[in-house]
Amino acid sequence: MKVTVINPHGFCAGVQKALDHAYKAKKEHPAQPIYILGNLVHNERVIGDLVKDGFIILDERKKSLSEWIDTLNKGDIFVFSAHGHDPHLDEKAASKGLVCYDATCPFVKANSTLIKRRITQGGEVIFIGQAGHAETEGTLKIDPSKVFLFEPKKSFDFSQVSAKNPLLVSQTTMGTEEMKDSVSLLKDHFPEIDVAARVCDATDKRQSAICTAPEDIDLYVVMGSKTSNNTMKLLELATAKYPKAVVLRCLDVEDLKTALVKPFKHAALISGASTGLREFEEVKDYLEKL
Ligand code: SF4
């Protein structure tokens, strides 16, 4: 099968940094268990590799991050995930004497800094995001009485915001189109709104690249986990832009082997930001040999 690779692909800088933090912790404390608080990155294969390498994942589906911190003891070493977290957990971990490696992505950190500054100045913040996503949940906890969640295509209670010029910030992995629509709607209600909402570079570049695939493709493979917001946005966009192609998502080559792809002639291949180059090359080789 002919395969057209869509760039960029592989880990984004934020995911690579998060992995570097985890392995740095292991190198600096070889005799101690290293705990990962929540999903370090949104990719089950990467998490599986971390488990194989001896990391202990504290699964946020079983307990909240705060409850997991309660189970750790003075001197224990843990890593915060790339997506950000409730800032009160930093104080909690410090007061327990835990050793923290903070793998929060710089894009997420930059948003938190802006939000905290606005709140300190007495202002309010509207955050465009998805309920339940780690980045959004962590951001809302900065100050639930001052940070209001706006979910695209969902109803929003405008009366809860008292500021004339709230600061507008967004989850870093939103779809660029839904962001534009949301910003425009919010500007109608708050003409003086201070717009600092933007998706991160890795998300923006991948979303722009998705429609650079050749017109004659009959298969579009998007690699990534369904827990990865930027992967799911790529899937949505590929489906909308290439209606004549079959659009599939897979985590890795074993996952792709469960789909019937042999009859296709020309595939485009892209990955979300939490998929590594090794997994990407394995899928590319598999498709090319069909
Ligand atoms: S997708 Fe963007 S926000 Fe998320 S880790 Fe990568 S660079 Fe950071």
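Here the structure is a predicted model, which means the values were calculated and not measured.

Analysis parameters
Residues numbered from 1 in each chain as written. Predicted model: local features only at pLDDT ≥ 70, side-chain atom pairs only at ≥ 80, totals over all residues. Heavy atoms only, no water. Domains from an automatic or database assignment. Contact = heavy atoms within 4.5 Å. Buried area = accessible area lost by both parts, 1.4 Å probe. Salt bridge = Lys/Arg side-chain N within 4 Å of Asp/Glu carboxyl O. Helix = DSSP H or I, 4+ residues; strand = E, 2+ residues; numbered from the N terminus. Phe/Tyr/Trp six-rings, centres within 6.5 Å; stacked < 30°, edge-to-face > 60°. Buried < 20%, exposed > 50% of the residue type's maximum accessible area, 1.4 Å probe, protein only. Pairing = 2+ DSSP bridges. Axes fitted to C-alpha atoms, helices over the stretch in contact; angles between N-to-C directions. Right-handed = clockwise from strand over helix to strand, strands pointing away.

Examining the domain arrangement of the protein chain
When its domains are assigned, the protein chain resolves into domain 1 (2–10 + 202–288), domain 2 (13–105) and domain 3 (107–199). The straight-line distance from the C-alpha centre of domain 1 to that of domain 3 is 30 Å. Contacts between the two partners involve six residues from domain 1, matched on the other side by ten residues from domain 3. With both chains or domains summed, domain 1 and domain 3 bury close to 650 Å², and 44% of this area falls on carbon and sulfur atoms. At the surface where domain 1 touches domain 3, the tally comes to one salt bridge. Here K233 ties to E178 by a salt bridge, and the two come within 2.9 Å at their closest N and O atoms. Those elements that provide at least two residues to the side of domain 1 that touches domain 3 are α8 (201–209) and α9 (229–241).

Focus: the packing of aromatic side chains
Counted according to the given criterion, the structure contains six aromatic pairs. Between F158 and F190, the aromatic rings sit 6.1 Å apart at their centres with planes inclined by 45°, giving tilted as the arrangement. Of this pair, F158 sits in the loop between β7 (147–150) and β8 (167–170) while F190 sits in the loop between α7 (176–189) and β9 (194–195), and the two are 32 residues apart along the sequence. When its relative accessible area of 8% is taken as the criterion, F190 is described as buried.

Section: the sheet that holds strand β6 (residues 125–128)
Taken in spatial order, the four strands line up as β7-β6-β8-β9 in an open sheet, and their pairing is parallel. Each having just a single partner strand, β7 and β9 make up the two edges of the open sheet. Sheet analysis places β6 next to β7, joined by four bridges and oriented parallel. When the sheet's bridge partners are listed, F127 is paired in β7 with L149. Contacting β6, β7, β8 and β9, helix α5 (residues 106–120) crosses the sheet at an angle of about 160° to β8.

Looking at the pairing of strand β10 (residues 219–223)
Counting buried residues in β10 gives five out of five residues, a clear majority hidden from the surface. With five bridges joining them, β10 and strand β11 (residues 246–250) adopt parallel strand pairing. Bridge pairing in β11 links L219 to V246. Viewed along the sheet, the connection from β10 through α9 into β11 turns out right-handed.

Remarks on the sheet that holds strand β1 (residues 2–5)
Spatial ordering of the open sheet is given by β1-β12-β10-β11, a layout of four strands whose pairing is parallel. Both edges of this open sheet fall to β1 and β11, since each of them pairs with a single strand only. Across the sheet, the mean angle from the axis of one strand to that of its neighbour is 25°, orientation sign disregarded. Pairing geometry for β1 and strand β12 (residues 266–271), over four bridges, is parallel. Residue T4 lies in a different strand from β12, and its bridge partner there is A268.

A closer look at the pairing of β12
Across the six residues of β12, six count as buried, placing the element largely inside the fold. With burial as the criterion, each face of β12 is covered, one bearing H266, A268 and I270 and the other bearing A267, L269 and S271. Of the pairings in the sheet, the one linking β10 to β12 comprises five bridges and is parallel in character. Note that in β12 the partner of Y220 across the bridge is A268.

Some words on the pattern of salt bridges
Counted according to the given criterion, the structure contains 17 salt bridges. Between K154 and E151 there is a salt bridge whose closest N-O contact spans 3.7 Å. You can call K154 exposed: its relative accessible area is 51%. Looking at E151, the relative accessible area reads 18%, which means it is buried. What you see here is one network of salt bridges that share partners, running through R45, D49, K52, D252, R278, E279 and E282.

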